Protein chains: 2
Amino acid sequence: MTNLDEMEYNGLLDLEGAELCGDLEERNPPISLPNQSSDGALLAVDIGGTLIKLVYFEGNEDAMSHGRATGGQLRFVKFQTSRLDECLEFIRLNRLLYGRGLDTGSTSLNVKFKATGGGAFKFADVFKEKFGVSLDKLDEMDTVVTGANFLLKKIPNESFTCMHGKRTPVVVSQQNLFPYLLVNIGSGVSMIKVMGNRKFERVTGTHIGGGTMFGLAKLLTGCTRYDDFLQLSQQGDNLVLDLIVKDICGELVCLKQGLSASTLASSFGKVLSSRRKLSDYKAEDLATTLLSAFTYNIAQVIYSFIYP
Amino acid sequence: MTNLDEMEYNGLLDLEGAELCGDLEERNPPISLPNQSSDGALLAVDIGGTLIKLVYFEGNEDAMSHGRATGGQLRFVKFQTSRLDECLEFIRLNRLLYGRGLDTGSTSLNVKFKATGGGAFKFADVFKEKFGVSLDKLDEMDTVVTGANFLLKKIPNESFTCMHGKRTPVVVSQQNLFPYLLVNIGSGVSMIKVMGNRKFERVTGTHIGGGTMFGLAKLLTGCTRYDDFLQLSQQGDNLVLDLIVKDICGELVCLKQGLSASTLASSFGKVLSSRRKLSDYKAEDLATTLLSAFTYNIAQVIYSFIYP
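Residues numbered from 1 in each chain as written. Chains lettered and ligands numbered in written order. Predicted model: local features only at pLDDT ≥ 70, side-chain atom pairs only at ≥ 80, totals over all residues. Heavy atoms only, no water.

**Q** Describe the overall build of chain A, naming the residues involved and giving the relevant values.
**A** Helix and strand counts for chain A come out as eleven helices and 14 strands. Within the span of chain A, comprising 308 residues, buried residues form 46% of the whole. Considering only residue pairs separated by 6 or more positions, chain A has 55% of its internal contacts joining residues 24 or more positions apart. When the accessible surface of chain A is totalled, it reaches about 15400 Å², and 50% of it is carbon and sulfur. (Helix = DSSP H or I, 4+ residues; strand = E, 2+ residues; numbered from the N terminus. Buried < 20%, exposed > 50% of the residue type's maximum accessible area, 1.4 Å probe, protein only. Contact = heavy atoms within 4.5 Å. Areas by Shrake-Rupley, 256 points an atom, 1.4 Å probe, with all protein chains shown as cover.)

Now the structure itself:
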């Protein structure tokens, strides 16, 4: 996420009337910015350990053709960090650094190229060589918080709960927004207590994050795309591999003792007593078990932290 | 672990002079009880989701032959819960329920058979059918705490740290023993705040425990014995699969920014950017990565809990 505050402050971004547009059930629906000028280019990038995330402004075709140079969408695209070349090619083809109709290669224009993430340091030279631009490296935590505040404050439908694939909007009270806990799940996980704009503290984190879940998914199921993994995980049954309280005590005892029979006792715990080997398990069941193991774990690390 | 307090209180156990004996580097060294009577049998059992743990008293051969019916060892043995039959056969062959030299099958003797764990409920009928004994089911948490207090108070060398396979004894102050946090790692994990004998509270736990680690180890490496997994994990290199801060930022940036280059950022995170599949990885490296992922996670859940 980019440092929107700074860009707004500097007159680069006009956030008035910002709203989600397109299909809300899409993974990454664009954000409409009806008053944003199409002059110049607006691109920002976050280069993490696993993914490169781009956000850029794309002016409306009709606005352009009618001579009105305002209105368009903030668009979100991601690439695997290991495929940096694809990302660079996307930037070049879409002229994201130099604006529409302007020549690639000229560096005298109003080029803004904010960048966050460890990769912004690691790959700075690559961008310099390829495009002749320097990355303006911003503090990652600061920009994540600013981006979250922007979404919570200005884009109502960006706040929702999701249950069985169904989104339910959450109304965010602007009076009681702070403090909140921002859980930023990347390869690893950072947990940030947000008290206001630019007022935040990284309170904890965990090395068991998206990288662990998808890394194990690649090894166990052979799937190589994250979206495939998510789809698999929606079709499986975690009780094939997970040990629940009922498995240890028997159902009758749970009833008698008032124990919750379905409480997860040990993720993957049923594998121990089974003679099955990896190839005997369905990819769907493995994916579902991984998803519940690590999402519950992240929730627990947070919960332990908030309610000791 | 068995309810030693109760057994001591009831005159069944004489703990005076109790100490570790045999090779201290053994996984489960016996505890010498020099004043314990060899009359009758002393057996207790914990039947968990993964393992059955037995503790029993074995009188000294020489004490027996010299007519002195005192002295012997508390011995510890474990079986996989899925192989209950092997455990039952061990109990039968060693006459653990009826004492030495006494006939199997007689139930009129002073048989004490304390049991804990979910399996004590689930398999109660099996023990009744096979041996004609009822299991005296004790509260698991209560017995774990009593057992830990027993070890901490009466067996000096049972308290140690372990670094690179080397044990360093910890001197436990009897004045400042309480409160302490007992982390009981089974298939899942329970964390218990211990304030004294029979004074304790289960404060938290996690479903990511021994069952998760060894379950995944079975799937990823094909090893079927826990001891094999532990041995593998001592020979591998977790940096083949784990993503550390240096991998994301580059080493120079870590130096410049004062970041710890070797901090674990994402367990298994390096798998994402690799083209290797499961069979391309060494079992040792997979085992080491699993061990560090889940032991660190348990430590973190505890730490978040204690130092919010």
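**Q** Residue-level account of helix H3 (residues 84-93) of chain A, with values.
**A** At 3.6 residues per turn, the α-helix brings residues three or four places apart onto the same side. Residues and elements named next belong to chain A. Those residues of H3 lying buried are Leu84, Cys87, Leu88 and Ile91. Buried residues of H3, seen end-on, are gathered within an arc of 100° and therefore sit on one face of the element. Facing away from the buried surface of H3 by more than 90 degrees, the exposed residues are Asp85 and Leu93. Next to the buried residues of H3 lie strand S3 (43-47), strand S4 (51-59), strand S5 (70-80), strand S6 (113-116) and helix H5 (124-131). (Arc of directions from axis to C-beta.)

**Q** Can you tell me about a nonpolar patch on the surface, naming the residues and giving the values?
**A** Together, Tyr303(A), Ile306(A) and Tyr307(A) make up an exposed nonpolar region whose accessible area comes to about 350 Å². Turning to its location among the elements, Tyr307(A) is positioned in the segment after helix H11 (283-306). (Patch = residues over 30% accessible without salt bridge, like charges linked within 9 Å, V, L, I, M, F, W, Y side chains within 5 Å. Salt bridge = Lys/Arg side-chain N within 4 Å of Asp/Glu carboxyl O.)

**Q** I'd love a proper account of the interface of chain B and chain A, names of residues and values included.
**A** Residue-level contacts link 57 residues of chain B with 57 residues of chain A. Buried surface at the junction of chain B and chain A, both sides included, amounts to about 4400 Å², of which 66% is carbon and sulfur. On inspection of chain B and its partner chain A, the count reaches zero salt bridges. If you look at where chain B meets chain A, you find 23 residue pairs in polar contact (both at pLDDT 80 or more). (Buried area = accessible area lost by both parts, 1.4 Å probe. Polar contact = N/O pair within 3.5 Å; in protein donor to acceptor, adjacent residues only side chain to side chain.)

**Q** Run through the sheet that holds S3(A), naming residues and quoting values.
**A** For sheets, the rule is that strands pair by backbone hydrogen bonds, running either parallel or antiparallel. Residue and element names in this part refer to chain A. Across the sheet, which stays open at both edges, the seven strands sit in the order S1-S2-S5-S4-S3-S6-S7 with mixed pairing between neighbours. Since the sheet does not close on itself, it has two edges, and those belong to strand S1 (19-20) and strand S7 (136-137), each with one partner. Of the strand pairs in this sheet, S3 and S4 are connected by five bridges, and their pairing is antiparallel. Within S4, the residue paired with Asp46 across the bridge is Lys53. In the packing of H3 onto the sheet, contacts are made with S3, S4, S5 and S6, and the angle to S4 comes to roughly 10°. (Pairing = 2+ DSSP bridges. Axes fitted to C-alpha atoms, helices over the stretch in contact; angles between N-to-C directions.)

**Q** Tell me about the sheet that holds strand S10 (residues 180-185) of chain A, and please be specific about residues and values.
**A** Residues and elements named next belong to chain A. Pairing within the open sheet is antiparallel, and its three strands lie in the order S10-S11-S12. One side of each edge strand has no neighbouring strand; the edge strands of this open sheet are S10 and strand S12 (199-206). In this sheet, adjacent strand axes meet at a mean angle of 25° when their direction is disregarded. Pairing of S10 with strand S11 (residues 189-196) involves six bridges; the strand directions are antiparallel. Bridge assignment links Val183 to a residue of S11, and that residue is Met191.

**Q** Lay out the packing of H11(A) against helix H11 (residues 283-306) of chain B in plain terms, naming residues and giving numbers.
**A** The axes of two packed helices give the description: the angle between them and the distance between them. At a minimum axis distance of 7 Å, the contact between H11(A) and H11(B) shows a crossing angle of 30°. Considering their axes alone, H11(A) and H11(B) lie roughly parallel with respect to each other. Our pair here, H11(A) against H11(B), has a crossing hand that is left-handed. In this structure, H11(A) uses Phe294(A), Asn297(A), Gln300(A), Val301(A), Ser304(A) and Phe305(A) to contact H11(B), whose residues at the interface are Phe294(B), Asn297(B), Gln300(B), Val301(B), Ser304(B) and Phe305(B). (Parallel < 35°, antiparallel > 145°, perpendicular 65-115°, else oblique. Left-handed = near helix turned anticlockwise from the far one by under 90°.)

**Q** Quick one: what's the story with the environment of Phe268(A), residue by residue and with numbers?
**A** On the secondary structure map, Phe268(A) appears in the loop between strand S14 (264-266) and H11. Looking at Phe268(A), the relative accessible area reads 0%, which means it is buried. Each C-alpha atom, one on Phe268(A) and one on Leu241(A), is 4.9 Å from the other, the two residues being 27 residues apart in sequence. Leaving out residues up to four positions away in the same chain, Phe268(A) has contacts with Leu220(A), Leu241(A), Asp242(A), Leu286(A), Thr289(A), Leu290(A), Gly211(B), Thr212(B), Gly215(B), Leu216(B) and Leu219(B).

**Q** Residue-level account of the side chain of Asp285(A), with values.
**A** All names here are of chain A. Inspection of the secondary structure assignment puts Asp285 in helix H11. One buried charge, Asp285, has no salt-bridge partner; the nearest side chain with opposite charge is Lys282, at 4.8 Å. At a separation of 2.8 Å, a polar atom in the side chain of Asp285 contacts the main-chain amide nitrogen of Asp237. (Lys, Arg positive; Asp, Glu negative; His and termini not counted.)

**Q** Mind laying out the confidence of the model for chain A, listing which residues take part and the relevant values?
**A** Residues and elements named next belong to chain A. Overall, the predicted model of chain A reaches an average pLDDT of 85, with 89% of residues at or above 70. Averaged pLDDT values for the elements of chain A fall to 61 in helix H1 (residues 4-9) and rise to 97 in helix H7 (residues 210-221). Here residues 100-110 scores under 50 on pLDDT; set against residues more than four positions off or in separate chains, the count is 17 contacts. (pLDDT = per-residue confidence, 0-100.)

**Q** Quick rundown of the relation of the copies chain B and chain A? Include the residues and the values.
**A** Superposing chain B onto chain A requires a rotation of 180° together with a translation of 0.0 Å along the rotation axis, leaving an RMSD of 0.0 Å. Such a turn and shift between the copies fits a two-fold axis. Mapped onto chain A, 100% of the interface residues of chain B again fall at the interface, so both copies present the same surface. (Least-squares fit on C-alpha atoms with pLDDT ≥ 70 in both.)

**Q** With reference to specific residues and values, describe the packing of H3(A) against H5(A).
**A** Residue and element names in this part refer to chain A. Contact pair H3 / H5: the axes reach a minimum separation of 12 Å and the direction vectors enclose 40°. Regarding the angle of H3 to H5, the classification is oblique. Considering only the axes of H3 and H5, their crossing is right-handed. Within the contact between the two elements, H3 uses Leu84, Leu88, Ile91 and Arg92 and H5 uses Val126, Phe127, Lys130 and Phe131. Split by residue class, the contact of H3 with H5 holds six nonpolar, no polar and two charged. (Nonpolar A, V, L, I, M, F, W, Y, C, P; charged D, E, K, R; others polar.)

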